[in-house]
Amino acid sequence: MTEPFFKATLPMPPSVNGYWLVKPKGKYLSARARKFRSEVIAYVASLGRVRTHTGRIKAHITICGRDKRKFDIDNYQKAVWDALTHAKVIADDELIDELIIKRGEIIKGGRVDVELYELNT
């Protein structure tokens, strides 16, 4: 396999269940979602110049839970794609053609390991 064009260890994102707040005037990002997004944007900015990827993508993510509580690994990845899009790592999450999600070891506080590869189509 080729080298990833982006590799990062990110904080544990909010679950999709806690990502959006629905209020009478519309749907809004929760405080946890805004905090996660801003942390990812700051992390990417700290890397220096990152080129926004506009081609097709294969993504591998490993979600390491905060503790021994059960959780659905598919409830966390949408926040990752949203944050990486706002951080301008990827142009849009619709570019992901292949996705592998794994459950990792338990890490205090949780984390998500992300590797993004360019697909040669």
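Residues numbered from 1 in each chain as written. Predicted model: local features only at pLDDT ≥ 70, side-chain atom pairs only at ≥ 80, totals over all residues. Heavy atoms only, no water.

Asker: Would you take a moment to explain the overall build of the protein for this structure?
Answerer: Summing up its helical and strand segments, the protein has 2 helices and 6 strands in all. Reading the helices (α) and strands (β) of the protein from amino to carboxyl end gives β-β-β-α-β-α-β-β. Its C-alpha atoms give the protein a radius of gyration of 14 Å, near enough to 14 Å, the size a compact globule of 121 residues would have. For the C-alpha atoms alone, the extent of the protein along its principal axes is close to 40 × 35 × 25 Å. When burial is assessed residue by residue, the protein has 38% of its 121 residues classed as buried. Relative to all contacts within the protein whose residues are 6 or more apart in sequence, the contacts with residues 24 or more apart total 82%. (Helix = DSSP H or I, 4+ residues; strand = E, 2+ residues; numbered from the N terminus. Rg over C-alpha atoms; globule rule 2.2 N^0.38 Å. Buried < 20%, exposed > 50% of the residue type's maximum accessible area, 1.4 Å probe, protein only. Contact = heavy atoms within 4.5 Å.)

Asker: Just to check I follow, could you spell out helix α2 (residues 77-86) for this structure?
Answerer: For an α-helix, 3.6 residues make a turn, and residues three or four places apart therefore share a direction. Burial analysis of α2 places 7 of its 10 residues in the buried class, the great majority of the element. Every buried residue belonging to α2 is among Q77, A79, V80, W81, D82, A83 and L84, and all of these are buried. In this structure, the buried side of α2 is in contact with β1 (6-11), α1 (31-46), β4 (57-64), β5 (96-103) and β6 (111-118). One or two residues past the end of α2 sits K88, with phi positive at roughly 65 degrees.

Asker: What am I meant to see in the nonpolar core here?
Answerer: One broad rule of soluble globular proteins: the nonpolar side chains tend to lie buried together. Membership of the largest hydrophobic core comes to 29 residues, with the highest contact counts inside it found for V40, V80, W81, L84, V89, V114 and L116. When residues of this core are traced back to their parent elements, those giving at least two are β1, α1, β4, α2 and β6. Top contributing element to this core by residue count: α2, with 5 residues. Not counting residues within four places of it along the chain, the set of residues in contact with L84 comprises F6, L10, V40, V89, I90, V114 and L116. (Core = buried A, V, L, I, M, F, W, Y, C linked by side-chain atoms within 4.5 Å.)

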